[in-house]
Structure formats: structure tokens, C-alpha cells
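# Fold and contact review
Letter by letter, the chains look like this.
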Amino acid sequence: MPTAVLRALRRNHAAKVAVGVIALVVFVGLFAPLIAPHDPNLQNLELKLRPPFWMSGSEPGYLLGTDKLGRDVLSRIMYGTRVSLLVGLAATLLSGVVGVVSGYYRGWREQVFMRLADVQLAFPSILLALAIIAVLGPSLFFMILVLGLTGWVAYARVVRAEVLSLREREFVTAARAIGDTGPQIMVRHLVPNIVAPLATIGTLQVAAMIVAEASLSYLGLGVPPDVPTWGSLLADGQLYLRSAWWIAVFSGAAIMMTTLAINVTGDLLRDVADPKAYTR
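Let me begin by describing the structure that accompanies this report.

The rules behind each value
- Residues numbered from 1 in each chain as written.
- Predicted model: local features only at pLDDT ≥ 70, side-chain atom pairs only at ≥ 80, totals over all residues.
- Heavy atoms only, no water.
- Axes fitted to C-alpha atoms, helices over the stretch in contact; angles between N-to-C directions.
- Helix = DSSP H or I, 4+ residues; strand = E, 2+ residues; numbered from the N terminus.
- Parallel < 35°, antiparallel > 145°, perpendicular 65-115°, else oblique.
- Left-handed = near helix turned anticlockwise from the far one by under 90°.
- Contact = heavy atoms within 4.5 Å.
- Nonpolar A, V, L, I, M, F, W, Y, C, P; charged D, E, K, R; others polar.
- Buried < 20%, exposed > 50% of the residue type's maximum accessible area, 1.4 Å probe, protein only.
- Polar contact = N/O pair within 3.5 Å; in protein donor to acceptor, adjacent residues only side chain to side chain.

### A short note on the packing of helix H3 (residues 73-104) against helix H10 (residues 195-218)
Following both chains from N to C, one finds H3 and H10 inclined at 130 degrees, their axes separated by 8 Å at the closest point. Here H3 lies oblique to H10, going by the angle between them. The crossing of H3 and H10 is right-handed. Contacts between H3 and H10 involve Val83, Ser84, Val87, Gly88, Leu89, Ala91, Thr92, Ser95 and Val100 from the first element and Leu198, Gly202, Gln205, Val206, Met209, Ile210 and Glu213 from the second. Taken together, the residues of the contact of H3 with H10 sort by class into nine nonpolar, six polar and one charged.

### Some words on the side chain of Thr66
Within the secondary structure, Thr66 is located in the loop between helix H2 (13-35) and H3. Classification of Thr66 as buried rests on a relative accessible area of 0%. At 3.1 Å, the side chain of Thr66 forms a polar contact with the backbone nitrogen of Leu49. A polar contact is formed between the side chain of Thr66 and the backbone nitrogen of Arg50, at a distance of 2.7 Å.

Quick look at the structure:
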């Protein structure tokens, strides 16, 4: 599959740009403390609501301007990248684990998982996440947990269909015969054989989790207020759209570009996972 991905990537110019954007976002998220020009929480009321560098009245060293408390918008976006990536990847991984487990086991456990999936599909995921976080309080750990557990249904449906066709194969039967446990069979034999659909769903799920995190932070129910996030920047900037548009616009652009790049990459992986992609 990696060879097929590289071959498809060479033909798809939009995917090249998308992968480049993702690489840039990951780089910024990993090295934000080293490359951010200012402390994201450093306040200076004398510099509040300064415009970006190309506008009159801007302050040298604050390329994308400042917010209502004089904090550097660029630095807050850079640090917010870390939160968005962490929440998106961790919540998607948790959803994948729950989805694989729910797809492997049969009998009463399968029925319990499927009925839970049916019940959860009756509620909007964001509404369920809002209700849980409103009770538990804003926390990075709780946000990852809630978003992960509200997003497992998509994995369960796809994984169950794939696992049903694999769990009776000879290699799985042989693994049971030599004494492999359920978790060992899932990790060693099933997951490697369903990695293509999991990767495709995973990319789309990461984008959805990033948007969900931004939505919760926008509503004030995400991470603690002292942690900069793209959603909290949007919430801060909504009151200043006429006088200080840059606060909301740049954070919104970060969300849009990141989720769009992830979705385009997911489309590429889906095309590669399609058997017809290998015959082109």
C-alpha cells in the first residue's frame, strides 16, 4: 500500500499540497515552543487589538496582530495547533480501538456493542459531547475521552463488516489453535488486514475531531481557559469582527486549511484502497 500511495500522490497535485499543509501543521505543533515569537499567554494591554504587520498601526514583532489582551495571535495559533492535533489524533485512536474490539467479538457482546451504536446514532455526537463535558468540566483529558467515545460508531460499522469476512479465515483459525488470545489475534492478524479502511476513516475522523474540539472550545466547554486553542480564538474574536477581524479570521483559516488538507488526504487513501486504483 505505501508504494500505491506514493504512486497516487505523484499524480494528484491537490494531494501534494494537502500533504505539505499537514506536514507544516505537524511541524508547527511539535516545535511551537521553539518557533513561536512570544509567550501565547503574555498580556500587554498597551498593545491590545494591534493589526497585522501590513496594516497601519501594527506593532513590530506581532506579524498577525494582537487580541483584546495584547497577546500575540500568531503564537496562540501555533500553540493551538498542538491541542488540535493531540485531541484529533488521540480521540481518533481511541475510537479505532473501541471500533476494532466491537467488531471482533461475537455473541452477546456483539449485540451490546451494536445496540449501543444504534442508541448513540439517535443523538447528535456534538450534543452528547456538550452534555458530558458540561457535567465533567473543561479538561483536555475529558475532551479526548468524550470525543473518542462519541466517534467510535463509524469505526464499529466498517470494522465489523471487515472482521466478519476475516475472522473465519484459516490464518485466524490457526492463531486460535495455537492459543492466541482475542487481543493478540486482533493486533497481529486482523488490524494489519484492515489497515486500509481504518486509515481512510481515520483521516476523516481526525478532521471531524479537530472541528469538534474547536466547536467545544468556541462554546467555552473545551480545555481550560489558559490553554490556547483555535476554537477559543474564534470565540474571542467574534466580538471584534468589525474592529479586529484578524483574531477570528486567522484562527478560522487554520481550522479550515487543516481539515481540508486532511480530507483531501483521506480521499487519496480511499482511492488507493479501492481495487480499481491499482488498475489505473
